[in-house]
Amino acid sequence: MKTRFVLIETSHAGNVGAAARAIKTMGFDDLVLVRPRWSNVLRKEETIQRASGALDVLANCRIVQSVDEALDGMSHLCATAMTPRDFGPPARTPRDHFALLLQGALAAQPGPGPLDEDATPGATDAAAHSSGETGVAFLFGCERYGMANEDVYRCHVALSIPTNPDFGSLNLASAVQVVAYDWRQALGGYGVSDVAARGERADAQQVAGMLAHWQQALAEIGFLDLDAPKKLMPRLNQMFNRAQLTQEEIHILRGVAKAMLRTAEAAKR
């Protein structure tokens, strides 16, 4: 199923570049501009700079003169409208709507976009293919006025990003980023790569040796009374067990104990 982002009458070149960057980070590349303020907006320096490397999205971007042209091949249309309308499609948060869309739950609801009623809950992108949709388009209005009523009315939903009730004004590219992120998450999302080196876990004998070193050091600095140790060392043992120390961390902690012993010895002289 195709995904398309449509910017209508965009007036700031930087927002075009930033929107291209926003959708590329979420794995999308279909961007269409409808009657932008600048006919050469895709070549403007500000656009290229704000795209920050998403030049392939800009290269594939199309400029058209009508919303109809921009929506060619799209079957499910999502408006983005912060201001409520007294008539038109239902307003939902992106996450709520995407869940309904991919589950096929919208098929039983009135509206211009029929979906497959046999789609099962928990479906992802593959199930969306079977729902009968050929493509999903996200429409964004101009920076100053938002979307025109006639463009909102033609859509299946008015997506509303939950924001501070006292200040809900989102920059155009920021709104594109939020919608692109929620849509990517609904489709399954991307995994997070943990590049931090974890090191080899310390074994029980290494932890016990480190604790014996600490016990000696804590006693030398007067923090631990060896005649009445109570539960300090068992508690430290439990704390270090929860930390799942690596061998390198054991070396660091032994270095701390060594420094405490050295300081205590120097203080006695």
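The model shown is predicted, which means the values in this text are computed figures rather than measured ones.

Undergrad: Talk me through the packing of aromatic side chains; I want residue IDs and the actual numbers.
TA: Taken as a whole and assessed by the stated rule, the structure comprises seven aromatic pairs. Residues F5 and F138 carry aromatic rings whose centres are separated by 5.2 Å and whose planes lie at 35° to one another, so their mutual orientation is tilted. Of this pair, F5 sits in strand β1 (residues 2-8) while F138 sits in strand β6 (residues 135-140), and the two are 133 residues apart along the sequence. Here F5 and F138 have matching classes, each one buried. A centroid spacing of 5.7 Å and a plane angle of 70° characterise the contact between F98 and F138, whose relative ring orientation is edge-to-face.

Undergrad: Tell me what's going on with the environment of D72, and back it up with residues and numbers.
TA: As for its position among the elements, D72 is in the loop between α4 (67-70) and β4 (76-80). Between the C-alpha atoms of D72 and A137, which are 65 residues apart in sequence, the distance is 9.7 Å.

Undergrad: Give me the nonpolar core: which residues, what numbers.
TA: Core analysis: the biggest nonpolar cluster contains 38 residues, and F5, L31, F138, F140, V176 and W183 have the highest contact counts within it. At the level of secondary structure, the elements contributing two or more residues to this core comprise β1, α1 (13-25), β2 (31-34), α3 (55-60), α5 (94-103), β6, β7 (157-159) and α8 (172-186). Ignoring anything within four residues of it in the chain, the contact list for F140 reads F5, V6, L7, I8, T80, M147, L172, A175, V176 and V179.

Undergrad: Requested: an account of helix α10 (residues 232-243), with residues and values cited.
TA: When the terminal C-alpha atoms of α10 are compared, their 17 Å separation across twelve residues agrees well with the 16 Å that a helix rising 1.5 Å per residue should span. Listing the buried residues of α10 in full gives M233, L236 and F240. Relative to the axis of α10, the buried residues are bounded by an arc of 60° and lie together on one face. In α10, the exposed positions that point more than 90 degrees away from the buried face belong to R235 and R242. Once α10 ends, the next one or two residues include Q244, with phi positive near 50°.

Undergrad: I'd like to hear about the pattern of salt bridges, residue by residue, with values.
TA: Considering all chains together, one arrives at seven salt bridges under this definition. For E9, the salt bridge is made with R35, and the minimal N-O distance between the two is 3.0 Å. On the criterion of sequence distance, the pair formed by E9 in the loop between β1 and α1 and R35 in the loop between β2 and α2 (45-51) is long-range, its members being 26 residues apart. The class for E9 is partly exposed, based on a relative accessible area of 36%. Close ionic contact of R95 with D182 constitutes a salt bridge, the shortest N to O distance being 2.9 Å.

Undergrad: Break down the pairing of β4 for me, with residues and values.
TA: In terms of residue burial, β4 counts as a mostly covered element, since five of its five residues are buried. Burial of the side chains of β4 extends over both faces: H76, C78 and T80 are buried on one face and L77 and A79 on the other. Sheet topology places β4 next to β7; three bridges connect them, and they run parallel. Its bridge partner lying in β7, C78 is registered against V157.

Undergrad: Residues and numbers for helix α9 (residues 204-220), please.
TA: The terminal C-alpha atoms of α9 lie 24 Å apart, and with 17 residues this matches the ideal 24 Å at 1.5 Å per residue to within 8%. Among all positions of α9, only V207, M210, L211, H213, W214, A217 and L218 are buried. Seen end-on, α9 carries its buried residues on one side only, within an arc spanning 160°. Opposite the buried face of α9, at more than 90 degrees from it, the exposed residues are A204 and Q205. Residues of α9 that are buried make contact with α10 and α11 (247-268).

Cut-offs and rules
Residues numbered from 1 in each chain as written. Predicted model: local features only at pLDDT ≥ 70, side-chain atom pairs only at ≥ 80, totals over all residues. Heavy atoms only, no water. Phe/Tyr/Trp six-rings, centres within 6.5 Å; stacked < 30°, edge-to-face > 60°. Helix = DSSP H or I, 4+ residues; strand = E, 2+ residues; numbered from the N terminus. Buried < 20%, exposed > 50% of the residue type's maximum accessible area, 1.4 Å probe, protein only. Core = buried A, V, L, I, M, F, W, Y, C linked by side-chain atoms within 4.5 Å. Contact = heavy atoms within 4.5 Å. Expected span 1.5 Å × (residues − 1). Arc of directions from axis to C-beta. Salt bridge = Lys/Arg side-chain N within 4 Å of Asp/Glu carboxyl O. Pairing = 2+ DSSP bridges.

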